[in-house]
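Architecture at a glance
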Amino acid sequence: MSNASLTDKRPPSSLRGATLPKWFAWAVAAGAVLLGLGISFAAGLDSSIQWALIAAVLFVAGSYGISAKVEGPRQAKDRVATSLVWVAFLMAIVPLASLAWTTVKRGIKVFDGYFLTHSMGVVADTEPGGGIYHAILGTAEQVGLATLISVPIGVLTAIYLVEYGRGRLAQAVTFFVDVMTGIPSIVAGLFILSLWILILDMGYSGFAGSMALTILMIPVVVRSTEEMLKLVPNELREASLALGVPKWRTILKVVLPTSIGGITTGIMLAVARIAGETAPVLLLVWGANFINANPFKDPQASLPMYIYLQFTNSGGQGAAYDRAWAAALTLIAFIMILNLVARGIARWKAPKTGR
């Protein structure tokens, strides 16, 4: 009998090893949670964080042990990496979901139309009633003024750094932008307090707070816009310049429309960065229980300051405590609406791409 016939009669060898079913990860996770609860109950642990950490360790260890036994060490290492990613994701999302749920549960008690359309007026902090209309108006004006000042300066600075910046001047601008990115909000507030109020004697106002917020917002706008402009392909610039289009018009008609989605998102992130700042408002704007629609004169209310004052005067209970949580819910909703608007504008203004 020939060797060829012997080779043909051999059973075909399988190149694929043993694999675990798709529901394996869910089964291990469920087992780890039950085992973690059992260990916590037996050890007398009351904290949910403790049993969650125990369950996470058991999930990773169980995934590796069973996978190494069935699939081999190489696939087991891959499953460990995947398990660690899921654990990290849950560690990030659970506190966020808990914060959102707590804010909604406690803030919904007095969150209604009356609360949003009335000010505190003559209502004492310990009395029920009152609202946050004056604080919403103050925050909108202060953040709006800061945005009007910061966005043109930040976008134009980023355009200079990406399209024109060369040499020591560009390096100096980049260095100071990096330094400003890490400035604490209290430092920005102290700077405006010294210059605007103590030296120039202009008085406390919403505009003073807006100038401090501008210092915090500009570096975020510069950095985000700069990165978006760098993502625009150079071929688009070269094609426009090859047609004889001036550079300024290329930037205006090609570069900016291509990156407008990312720029808008960066601006909204900068707005979210400053909308909840309390230190500059505390130093420069003070606060008011009545409506002040003029941000350039006299103290003005704001949502972060309102939350701080209500919670401080509540003692952890009562009407002021409920108003503080409702104001926090309003601030979160305000930021969420801004982000949704930004996403809509970015989608609307994004360049249309064909197949």
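What you see is a predicted model; the values in this text were computed from it and never measured. (Residues numbered from 1 in each chain as written. Predicted model: local features only at pLDDT ≥ 70, side-chain atom pairs only at ≥ 80, totals over all residues. Heavy atoms only, no water.)

1. A closer look at the UniProt feature "transmembrane region" (unreviewed entry) in the chain
On the UniProt side, "transmembrane region" (unreviewed entry) is annotated at positions that read residues 23–43, 49–68, 80–101, 143–162, 174–198, 204–222, 254–276 and 324–346 here. Annotated as residues 204–222, this span is 89% helix and 0% strand, and its ends, taken at the C-alpha atoms, are 28 Å apart. Between the C-alpha atoms that bound residues 324–346 there is a distance of 33 Å. The span itself is 100% helix and 0% strand. (UniProt positions renumbered as here; feature names shortened; annotations may be inferred. Helix = DSSP H or I, 4+ residues; strand = E, 2+ residues; numbered from the N terminus.)

2. Focus on the pattern of salt bridges
Evaluation of the coordinates by the stated rule reveals six salt bridges. For the salt bridge of Lys230 with Glu226, the shortest nitrogen-to-oxygen distance reads 3.5 Å. You can see Lys230 and its partner Glu226 sitting in helix α9 (residues 206–230), four residues apart, about one turn around the helix. Residue classification places Glu226 among the buried positions, given a relative accessible area of 5%. Here the residues in one salt-bridge network are Asp178, Arg223, Glu226 and Lys230, joined through shared partners. (Salt bridge = Lys/Arg side-chain N within 4 Å of Asp/Glu carboxyl O. Buried < 20%, exposed > 50% of the residue type's maximum accessible area, 1.4 Å probe, protein only.)

3. Let's talk about the environment of Ile307
Note that Ile307 resides in helix α13 (residues 303–314). Taking the C-alpha atoms as reference, Ile307 lies 34 Å from Arg347; in sequence the two are 40 residues apart. Non-local contacts of Ile307, meaning those with residues more than four positions away in its chain, are made with Ala324, Ala327, Ala328 and Leu331. (Contact = heavy atoms within 4.5 Å.)

4. Observations regarding the domain arrangement of the chain
As far as domains go, the chain holds domain 1 (2–106) and domain 2 (133–348). Look at where the C-alpha atoms of domain 1 and domain 2 centre, and you get two points 43 Å apart. Counting residues at the interface gives four residues for domain 1 and six residues for domain 2. With both chains or domains summed, domain 1 and domain 2 bury close to 470 Å², and 72% of this area falls on carbon and sulfur atoms. Counting the surface domain 1 buries against domain 2, the share from its top three residues, Thr103, Val104 and Arg106, is 88%. At the surface where domain 1 touches domain 2, the tally comes to zero salt bridges. Where domain 1 packs against domain 2, one counts one residue pair in polar contact (both at pLDDT 80 or more). (Domains from an automatic or database assignment. Buried area = accessible area lost by both parts, 1.4 Å probe. Polar contact = N/O pair within 3.5 Å; in protein donor to acceptor, adjacent residues only side chain to side chain.)

5. Brief notes about the layout of surface pockets
Estimates place the volume of the largest pocket at around 780 Å³. Lining the largest pocket are 24 residues, and of these Ala56, Phe59, Trp86, Val87 and Leu90 lie nearest its centre. Looking at the lining of the largest pocket, the elements that each hand over two or more residues are α2 (24–43), α3 (48–70) and α4 (73–107). Considering only residue class, the lining of the largest pocket consists of 19 nonpolar, four polar and one charged. (1 Å grid on protein atoms, 1.4 Å probe; cavity = no way out; pocket = protein on both sides within 12 Å on 5 of 7 lines; lining within 4 Å. Points joined across faces, edges and corners; volume = space filled by probe spheres on them. Nonpolar A, V, L, I, M, F, W, Y, C, P; charged D, E, K, R; others polar.)

6. Quick word on the nonpolar core
Ile192, Trp196, Met217, Leu229, Ile267, Ile274 and Leu284 are the most contacted members of the largest nonpolar core, which totals 40 residues. Where this core is concerned, the elements lending two or more residues are α6 (133–164), α8 (185–199), α9, α11 (247–275), α12 (279–284) and α14 (319–349). With residues up to four places along the chain from it excluded, the contact list for Ile267 reads Val151, Met217 and Val221. Membership of the second largest hydrophobic core comes to 13 residues, among which are Ala301, Leu303, Ile307 and Ala327. (Core = buried A, V, L, I, M, F, W, Y, C linked by side-chain atoms within 4.5 Å.)

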